[in-house]
Amino acid sequence: MSTQPQSQPSAWTTHRLLTWTTDHLGEQGVAEPRLAAEVLLAHAMKLRRIDLYIKFETVPTAEEVDQFRAWVKRAARHEPIAYLVGEKEFFSLALTVSPDVLIPRPETETLVEFVIDHCANQEISAPKLLDMGTGSGCIAIALLVHLPQATAVVTDISAQALAIAQQNAARHGVEDRMSFVEADGLELPKLRVPDGGFDVIVSNPPYVPVEDYQSLDACVKDYEPRHALTDENNGLSFYACLANGAPPALASGGWLVVEIGDAQRSAVTMAILDSGYWTFRKCVRDQVGGVERVLAFELLDGQDSPKIHHR
Ligand code: GLN
């Protein structure tokens, strides 16, 4: 690749770079190769992706091309694009990511949307939220941005993940409404519970059964944190723990809203209802693949004692 003047038809314009790279990444089996090429080139040129389209005939500088080529090489080996550029968009928010956190998935936006609607429908004016296993902070941050009176406690087993979540919270101006707790997802009762309890507990726990782990895409299993993907068991451990551990932390009539894996609806529902504390409320399909992705449960009356309520 050279940086020849624009007038030469063979110059490596953004248009030619994108076409070549899309073909190359496609041949290497990279998912959505055109999008990958655009995200990498836009970041290399410090542009928004949309701006590439008005710069189709621009010839990037030698440094920009070098950076782009280095990323393309790694992307061809299935390294996730989000880790290369250090960023991923979620719920229209640009979030910082590193290999310490799971890359936010578009299907998780279904959970965020559901909780925003739930708080509006139930007229919870200042919702108190708990996000177990927050990772990049994507769920809690998107919720706080859209629920200006809400506060959130977020937990993660990884201090590095919490640092990223904190960075993202600051980036989107919600840091002062968020507290960060280093904790295992199985240690819920040890948290400091706000007055009246949490209104909603959300979680996108590691739900991949360990026997399915090896069949995950290379870009997932070779790069993303294993502890964010699998519970090293049947994929249900965290649901059972939340179901049993959450009640004392919840407000009366509080909800538990969780993301689930493909075809996990009945197993997760059973794991949660088996605790005896919950009633099933809702299953929401994601807009991406149309699969059942989010389950919501409400705490049964009288299951939240011995907390004192102020609502
Ligand atoms: N949805 C993720 C995947 O399929 C898994 C995320 C999770 O375990 N919570 O890669």
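The structure displayed is predicted, hence computed values, not measured ones. All chains use their own residue numbering, which begins from 1 and follows the written sequence. Only residues with pLDDT of at least 70 get local features here, since the model is predicted, and only at 80 or more are side-chain atom pairs given and counted; chain-wide, interface and lining totals rely on the full set of residues. In computing side-chain values, all of the structure's heavy atoms are included and hydrogens and water are not.

Undergrad: A description of unusual backbone geometry should follow, citing residues and the corresponding values.
TA: A positive phi angle, near 50°, is found at F91, a position not held by glycine. Numbering of helices and strands runs from the N terminus, with a helix taken as a DSSP run of H or I at least four residues long and a strand as a DSSP run of E at least two residues long. Within the secondary structure layout, F91 lies in the loop between β1 (87-90) and β2 (93-96). If you check the backbone angles, E232 has positive phi at about 60° while not being a glycine. Following the sequence through the fold, E232 ends up in the loop between α8 (218-221) and α9 (237-245).

Undergrad: Kindly report on the site of the ligand, identifying the contributing residues and their values.
TA: Being near a molecule or strand, for a residue, means having at least one of its heavy atoms within 4 Å of it. The ligand sits among L102, R105, N204, P205, P206, Y207, V208, V220, A228 and L229. Identification of polar contacts relies on pairs of N or O atoms within 3.5 Å, with a donor-acceptor requirement for protein atoms, meaning one able to donate a hydrogen and the other able to accept it, and with residues adjacent in sequence counted only if both atoms are side-chain atoms. A distance of 2.7 Å is found between a nitrogen atom of the ligand and a side-chain nitrogen or oxygen belonging to N204. Within the backbone of L229, an N or O atom sits 3.3 Å from an oxygen atom of the ligand. Coverage of the ligand by the protein amounts to 87% of the 300 Å² it exposes when considered alone. Each residue receives one of three labels: charged for Asp, Glu, Lys and Arg, nonpolar for Ala, Val, Leu, Ile, Met, Phe, Trp, Tyr, Cys and Pro, and polar for the others, Gly being one of them. Looking at side-chain class alone, the shell around the ligand contains eight nonpolar, one polar and one charged residues. Method for areas: the Shrake-Rupley scheme with a 1.4 Å probe, in which residue coverage is limited to the protein chains shown.

Undergrad: So, the side chain of T134: which residues are in play, and what are the values?
TA: The topology assignment puts T134 in the loop between β3 (128-132) and α6 (138-146). Within the structure, T134 has its side chain in polar contact with the side chain of D131 (distance 2.8 Å).

Undergrad: Report on the confidence of the model for the protein, specifying residues and quantitative values.
TA: Chain-level statistics for the protein give a pLDDT mean of 93 and a share of 93% at 70 or above. Here residues 1-5 scores under 50 on pLDDT; set against residues more than four positions off or in separate chains, the count is 16 contacts. pLDDT is a per-residue confidence score from the predictor, ranging from 0 to 100. The contact criterion used throughout is that any non-hydrogen atoms of two residues lie within 4.5 Å. Here residues 305-311 scores under 50 on pLDDT; set against residues more than four positions off or in separate chains, the count is 19 contacts.

Undergrad: Break down the packing of helix α1 (residues 14-27) against helix α2 (residues 33-44) for me, with residues and values.
TA: A fitted line through C-alpha atoms serves as each axis, taken over the contacting stretch for helices, and the angle formed by two N-to-C directions is quoted from 0 to 180°. Axis separation between α1 and α2 bottoms out at 8 Å; the angle between their running directions is 135°. Taken together, the axes of α1 and α2 are oblique relative to one another. Like other packed secondary-structure pairs, α1 and α2 cross with a definite hand, here right-handed. Of the residues in α2, those touching α1 at T14, L17, L18, T19, T21, T22, L25 and G26 are P33, R34, A36, A37, E38 and L41. Taken together, the residues that form the contact of α1 with α2 break down as seven nonpolar, five polar and two charged. Here roughly perpendicular refers to angles of 65 to 115 degrees, roughly parallel to angles under 35, roughly antiparallel to angles over 145, and oblique to all remaining angles. It is the rotation of the near helix from the far one that decides the hand of a crossing: anticlockwise by less than a right angle makes it left-handed, clockwise makes it right-handed.

Undergrad: Describe the packing of aromatic side chains, with residues and values.
TA: To describe a pair of aromatic rings, one takes the distance between the centres and the angle between the planes. Centres within 6.5 Å make a pair out of two Phe, Tyr or Trp rings, where for Trp the six-membered ring is used; the pair is then stacked when the planes are under 30 degrees apart, edge-to-face when over 60, and tilted otherwise. In total, this model carries five aromatic pairs according to the counting rule given. Both rings, one in F90 and one in F91, keep their centres 6.3 Å apart while their planes meet at 40°; by these two values the pair is tilted. Exposure class is identical for F90 and F91. Each is buried. Measuring from ring centre to ring centre gives 6.2 Å for F114 and W255, while their planes differ by 35°; the resulting arrangement is tilted. With F114 in helix α5 (residues 109-121) and W255 in strand β7 (residues 250-259), this pair connects stretches of sequence that are 141 residues apart. Taking the relative accessible area as the measure of exposure, W255 reaches 8% and is therefore buried. A ring is considered to have a charge above it if a Lys NZ or an Arg CZ atom is located within 6 Å of its centre and within 35 degrees of its normal. Between the NZ or CZ atom of R16 and the centre of the ring of W12, over which it lies, the distance is 4.2 Å. Geometry around Y213 places R226 over its ring, the cationic atom sitting 4.2 Å from the centre. Each residue is assigned to one of three classes by its accessible area relative to the maximum for its type, calculated with a 1.4 Å probe on protein chains only: buried under 20%, partly exposed between the two thresholds, exposed over 50%.

Undergrad: Tell me about the nonpolar core, and name the residues and values.
TA: Each nonpolar core is a collection of buried residues, namely Ala, Val, Leu, Ile, Met, Phe, Trp, Tyr and Cys, held together in the definition by side-chain atoms within 4.5 Å. Formed by 34 residues in total, the largest nonpolar core has its most connected members in V112, V115, L143, M178 and V257. Where this core is concerned, the elements lending two or more residues are β2, α5, α6, β4 (151-156), α7 (159-171), β6 (198-203), β7 and β9 (292-299). Of all the elements, α6 adds the most residues to this core, at seven residues. Setting aside residues up to four positions removed in sequence, V115 forms contacts with L143, V200, V202 and V257. Of all hydrophobic cores here, the second largest spans 24 residues; its members include V153, L242, V268 and W278.

Undergrad: Please provide a residue-by-residue account of the side chain of E224, values included.
TA: For E224, the position within the fold is in the loop between α8 and α9. E224 has contacts with Y83, L102, I103, R105, Y213, C219 and L229, leaving out every residue within four places of it along the chain.

Undergrad: Any chance you could break down α7 for me, citing the residues and the numbers?
TA: Under the convention used throughout, the expected extent of a helix is 1.5 Å for every residue step, that is, one less than its residue count. Its 13 residues place the ends of α7 18 Å apart at the C-alpha level, agreeing with the 18 Å of an ideal helix rising 1.5 Å per residue. In this fold, the buried residues of α7 make contact with β2, α6, β4 and β5 (178-182). In this structure S158 caps α7, since a side-chain oxygen of it lies 3.3 Å from the backbone nitrogen of Q160. With its phi angle positive at about 70°, G173 sits one or two positions after the end of α7.

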